[in-house]
Amino acid sequence: MVKHQPLQYYEPQLCLSCLTGIYGCRWKRYQRSHDDTTKASDAGWWDVTSDPELDLHDWIYRGSSAIIPITRLNTTACNYQLLEVLLLAWIMRAAGAGCTGCPRECNLPPWLLAAVMDGFTSSQMLLPRNDAEQAQNLMDGDTLSAGDGWERLWFLILTLSFFLTLVWFYFWWEVRNDYNEINWFLYNRMGYWSDWSIPILVTTAAGFTYITVLLILALCHIAVGQQMNLHWLHKIGLMTTLITTVVTMSSIAQLWDDEWEMVFISLQATAPFLHIGALAAVTALSWLIAGQFARTEKATSQMLMFTAYLAVVVALYLVPLTISSPCIMEKKALGPKPAIIGHRGAPMLAPENTLMSFQKAVEQKTYGVQADVVLSYDGVPFLMHDKTLRRTTNVEEVFPERAYELASMFNWTDLEKLNAGEWFLRNDPFWTAGSLSRSDYLEAANQSVCRLADMLEVIKDNTSLILNFRDLPPAHPYYSTYINITLKTILASGIRQQAVMWLPDAERQLVRQIAPGFQQTSGLKLDAERMREKGIVRLNLRYTKVTNEDVRDYTTANLSVNLYTVNEPWLYSILWCTGVQSVTSDSSHILRKVPFPIWLMPPDEYRLIWITSDLISFIIIVGVFIFQKWRLGSIRTYNPEQIMLSAAVRRSSRDVKIMKEKLIFSEINNGVETTDELSLCSENGYANEMVTPTDHRDTKLRMN
């Protein structure tokens, strides 16, 4: 018969329960029963006192090559002996890693640490299932070490996944400037239009958030000294997120490697602020690093930990030396605001390359517009960007058998029958259709294919024009004369020749003869000397194709640079600071409202912020390390009222020669004899005090 005594009350640790529950699905890890009438046969608990067959005789401690036989446990003192075995095993394992012998320093599981600090005075000690498994692992010798190794591996995978998803999330967030271009690129490959940008962004954000939460939980486990045990569902989610991210990044790198240049360009705008954010994160991490440093007694481990952390901190302190941004400049050195050219009109406010789109661009007072010219089969110049009419017209409804036919193979009489506005309202490529007024919505829905002559009539008075041409197939009846027909249409409109930027390379000499006032513009990156030889005065390039140095060189050579397609204010600000003369944009109505670069900082001010941030970070880190060393170092000295543990560990070589552990308990309740000698955990981790053993007849241990 086992006598029940009132169980000492332990406050439930809700935060730790949630921490281990979310991370490893161990919700009852810290739950204790306060019912002293609990029966030994209650489901879910193992009463070791009623199990006379419990035999630990064959258990050996393999970690130090020391064989420690344990005699068969009897039913009267089973609880104490088992706790002693478990505690001894844990301390020996920790001692092998350089532990001084103090319970908290040796990372005892909470239930065992509580038992030690309480002096085993409770009549019941309820061992949660996961800690029972840990105890069994201890009895199995190297099983726990293997488990710890796997958990460390999963932590490394989690950390790698965090940084990988961070880079991918940053990349996809910054390329929102090119979302429409990405969708168009995928449309050409898959044959149908779909907005892929937002689903990818949402999925990326969800994956990054999930990985971040797991990493925070893992760091919290380390901070509170809990063993990490990532649940198998989280492992599946982690690997799924990692593999998906790698595959997606590889696909983008293969299909559209040019887009990765956006990352380096965006860093010119974000690097100073990312540096401060990273500095704050690493500074906050010092609490965890300092805690681990203070708990670790092995000098080699301390040195490795401190050196690695110091290297990261110093690298962050010096990162600003590598940061180069055109917006770190004196305000007086800032050039004029880049002119804005509407890309195919104002495609966010109306269907692209339609008359309504160019009217909206004129209303926005843009410097110019860009248009793509195609010649119909019967010789009428009209505006269309794609090779076919499928994306921007209802050709599949009107001429289903000709849906994949080249746009230039249609007569103008057939083109007039097509609707060029409904697709804009249906697909909503820029998520702006819902913001149109009722009148604009109806007007957009009734747009038709626009002739070049009609567009020129709208813009000819005070707007410049960049013209690009779609090559005609050799079977086209006007294959050899389309340049002449287009020039004739432009000159007949009355637009100023100086307002026309001629982009095609074909027949430049003929164009100079017929229209000498046109601004000859190149879509290829050429050196300044060659441009002069060809009579080219302007470059029209994608913003990823030029560097800040290129823009300065062209400006010095009195050559203008126009970059496309620039939709985001931050990118517009960077190019403004760089000295670009003009940009082509889908969002002219947004960029025209940018009165000044988003940020502009004098070099001296930036250096002051940099040095101040580093000093504050350094002071905080030093303070945290000192505080953690004082706080955790004080654990080594226990009051006489506390339970003490001494571990004598002597090593003369790689093998452990002697290991001796003593358990000492003080102020034992319920008539337990008080010890005459108490042990203190010394600074060097060695002590040899003896203890009078306690009476264990009424103690009971349960394992779930």
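Residues numbered from 1 in each chain as written. Predicted model: local features only at pLDDT ≥ 70, side-chain atom pairs only at ≥ 80, totals over all residues. Heavy atoms only, no water.

This part takes up empty space enclosed by the protein. By rolling a water-sized probe across the atoms, one finds the places where empty space is left. Inspection of every chain in the model, using the stated rule, returns three cavities of 30 Å³ or more. In this structure, the largest cavity encloses a volume near 60 Å³. Lining the largest cavity are Glu352, Asn353, Thr354, Leu383, Met384, His385, Thr392, Ala420, Trp423 and Val449. In the lining of the largest cavity, the residues fall into five nonpolar, four polar and one charged. (1 Å grid on protein atoms, 1.4 Å probe; cavity = no way out; pocket = protein on both sides within 12 Å on 5 of 7 lines; lining within 4 Å. Points joined across faces, edges and corners; volume = space filled by probe spheres on them. Nonpolar A, V, L, I, M, F, W, Y, C, P; charged D, E, K, R; others polar.)

Taken together, the side chains of Phe306, Leu310, Val314, Leu318 and Leu321 define a hydrophobic patch exposed on the protein surface, amounting to about 440 Å² of accessible area. On the secondary structure map, Val314 appears in helix H10 (residues 299-318). For Val314, a relative accessible area of 35% translates into the label partly exposed. (Patch = residues over 30% accessible without salt bridge, like charges linked within 9 Å, V, L, I, M, F, W, Y side chains within 5 Å. Areas by Shrake-Rupley, 256 points an atom, 1.4 Å probe, with all protein chains shown as cover. Salt bridge = Lys/Arg side-chain N within 4 Å of Asp/Glu carboxyl O. Helix = DSSP H or I, 4+ residues; strand = E, 2+ residues; numbered from the N terminus. Buried < 20%, exposed > 50% of the residue type's maximum accessible area, 1.4 Å probe, protein only.)

As a further point, take unusual backbone geometry. Across the junction of Tyr564 and Thr565, the peptide omega takes the value -20°, indicating a cis bond. In this structure, Thr565 sits in the loop between strand S10 (560-564) and helix H21 (569-578). The phi dihedral of Trp431 falls on the positive side, at around 60°, and the residue is not glycine. By the element assignment, Trp431 lies in the loop between helix H14 (422-427) and helix H15 (438-445). Residue classification places Trp431 among the partly exposed positions, given a relative accessible area of 43%.

Further remarks concern helix H20 (residues 548-556). Buried residues of H20: Asn548, Asp550, Val551 and Tyr554, and no others. One face of H20 carries all of its buried residues, which in axial projection span an arc of 160°. For H20, the exposed residues set more than 90 degrees away from the buried face come down to Asp553 and Thr556. Here the buried face of H20 lies against helix H9 (261-295), helix H19 (528-533), strand S9 (538-542), S10 and H21. (Arc of directions from axis to C-beta. Contact = heavy atoms within 4.5 Å.)

Next up on the list: the confidence of the model for the chain. Here the chain averages 77 in pLDDT, while 70% of its residues score no lower than 70. Confidence drops under a pLDDT of 50 for residues 29-82, and excluding neighbours within four residues, the segment shows 126 contacts in the predicted structure. With pLDDT under 50 throughout, residues 93-108 is counted as low confidence; its partners more than four residues away or in other chains account for 51 contacts. (pLDDT = per-residue confidence, 0-100.)

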